[in-house]
Every structure is written in structure tokens, then in C-alpha cells.
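What follows is the residue order along each chain.
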Amino acid sequence: MAQFLFPTEYYDSTYSIDFEHYYSLGYRAVLFDIDNTLVPHDFPSDERSEELLHRLMNTGFKVCFVSNNKEPRVASFNEKIGAEYVFKAGKPKKTGYLEAIKKLRATQGTTLFVGDQLYTDMWGANRAGIHSILVKPIDKHEEIQIVLKRIIEKPFLWLWLMKHKMKTKSTH
């Protein structure tokens, strides 16, 4: 039931993911949602997000932001980072994900996607054939349309957690 919405994995935070482990497994590209995945909704990049993203790029990862936001939002977030990006990506359509993979000259099999929503982020990544990682949203204060989606997502997230025996990955 609704397997297309389920992430491959679920973490407490983007910042608790052991990206170096994924690198050792052969992953070479990471696609990120921005809002509530890396920073609270509509916030600029901050020291924590910039440090993580620069660390990933220094490790050898190619990084691209895949966002449904307009270009000014995505470009301003990316200003201090210098990664690739796809704006108005049309998530959950797979087009934006595939465009990002093409920009990075990566493959679906060596690409991770990290996002905070089932109905846009996970569904789209799964449609594109990418390893999907769901993270808990950073901030509980969200626009009404996202709050409504979260209500609808709850039973599916509960099903996923039951299927995986409530084992989420978190910082130790």
C-alpha cells in the first residue's frame, strides 16, 4: 500500500546522516530539498548548512538542490555554496530529479535524495529511481498547504515506521 510514498530510509535530521558511509558505498551525488530539510522554510543558508554542503563537496560528492521554489529563492540559498540547482522542479514529477542528475553527470544508482515530505520529495525521488532519504522537518511552523499535507502523510509515515519496526536512524 502506497509503497511509492515510502522512503528508502528515515533519519531524525539531515545533519545526522553519515554521508561518508554512503560515499564508501559508491554514491557520488546528493540532491537536496531546501526548506525544512536544510534550513527552516524561507531561511537563507546558515553556517551549519554551508559547512555540511562544503564538506560533502570536499569529500567528492556532487550536490544539487531540487526545489519547487522559484529561482530567486533557490539561487539566494545557493549563493555561498556554489552547487547546482533545479528550481520550479515540479516535484513529485521525476523531471526535476532527472534534470539534476543530468546536470551533475551522475546516474540514478549513484544518487541520493534528501527531503522532508512524502508527497513531493519521496514520491518524486522514488519515481526517478533514486535512493530516497526522508528527514524530520526542521521547523514545525509551516505554510498551511504543507501543514495539510503533513496531516495526510501521517498514516503513511506510521505504516512505514511499523514496517521497519520503529527503527529510525538518529545521532548517538
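A brief report on the enclosed structure follows. Given the structure is predicted, the values throughout are model-derived calculations rather than measurements.

**Considerations on the packing of aromatic side chains**
(1) Moving on: If you walk through the whole model with that rule in mind, you get seven aromatic pairs.
(2) Moving on: On the numbers, 5.2 Å between centres and 75° between planes, the contact of Y23 with F61 is edge-to-face. Here F61 lies in the loop between α2 (47-59) and β3 (62-66) and Y23 lies in helix α1 (residues 19-24), a separation of 38 residues in the sequence.
(3) Moving on: Of the residues examined, Y23 reaches a relative accessible area of 25% and is grouped as partly exposed.
(4) Moving on: Summarising the aromatic geometry, the rings of Y85 and F87 are spaced 6.4 Å apart at their centres and angled 55° between planes, so their arrangement reads as tilted.
(5) Moving on: Residue F87 is classed as partly exposed on the basis of its relative accessible area, which comes to 32%.

**Points about the sheet that holds strand β1 (residues 9-11)**
(1) Moving on: Taken in spatial order, the six strands line up as β1-β6-β5-β2-β3-β4 in an open sheet, and their pairing is parallel. Here the strands that pair on one side only, and so sit at the sheet edges, are β1 and β4 (84-86). The sheet shows a mean angle of 25° between the axes of neighbouring strands, direction not considered.
(2) Moving on: In this structure, strand β2 (residues 29-32) lies alongside β3, joined through four bridges in parallel fashion. Note on β3: the bridge partner recorded for V30 is V63.

**Examining α2**
(1) Moving on: In this model α2 runs 18 Å from its N-terminal to its C-terminal C-alpha over 13 residues, within 8% of the 18 Å that 1.5 Å per residue would give.
(2) Moving on: Within α2, burial applies to S49, E50, L52, L53 and L56. Taken end-on, α2 shows its buried residues confined to a sector of 165°, consistent with a single buried face. Seen from the buried face of α2, the exposed residues on the opposite side, beyond 90 degrees, are E47 and N58.
(3) Moving on: For α2, the secondary structure elements touched by its buried residues are α1, β2, β3 and α3 (71-78).
(4) Moving on: Phi turns positive one or two residues past the end of α2, at G60, with a value near 125°.

What counts and what doesn't
- Residues numbered from 1 in each chain as written.
- Predicted model: local features only at pLDDT ≥ 70, side-chain atom pairs only at ≥ 80, totals over all residues.
- Heavy atoms only, no water.
- Phe/Tyr/Trp six-rings, centres within 6.5 Å; stacked < 30°, edge-to-face > 60°.
- Helix = DSSP H or I, 4+ residues; strand = E, 2+ residues; numbered from the N terminus.
- Buried < 20%, exposed > 50% of the residue type's maximum accessible area, 1.4 Å probe, protein only.
- Pairing = 2+ DSSP bridges.
- Axes fitted to C-alpha atoms, helices over the stretch in contact; angles between N-to-C directions.
- Expected span 1.5 Å × (residues − 1).
- Arc of directions from axis to C-beta.
- Contact = heavy atoms within 4.5 Å.

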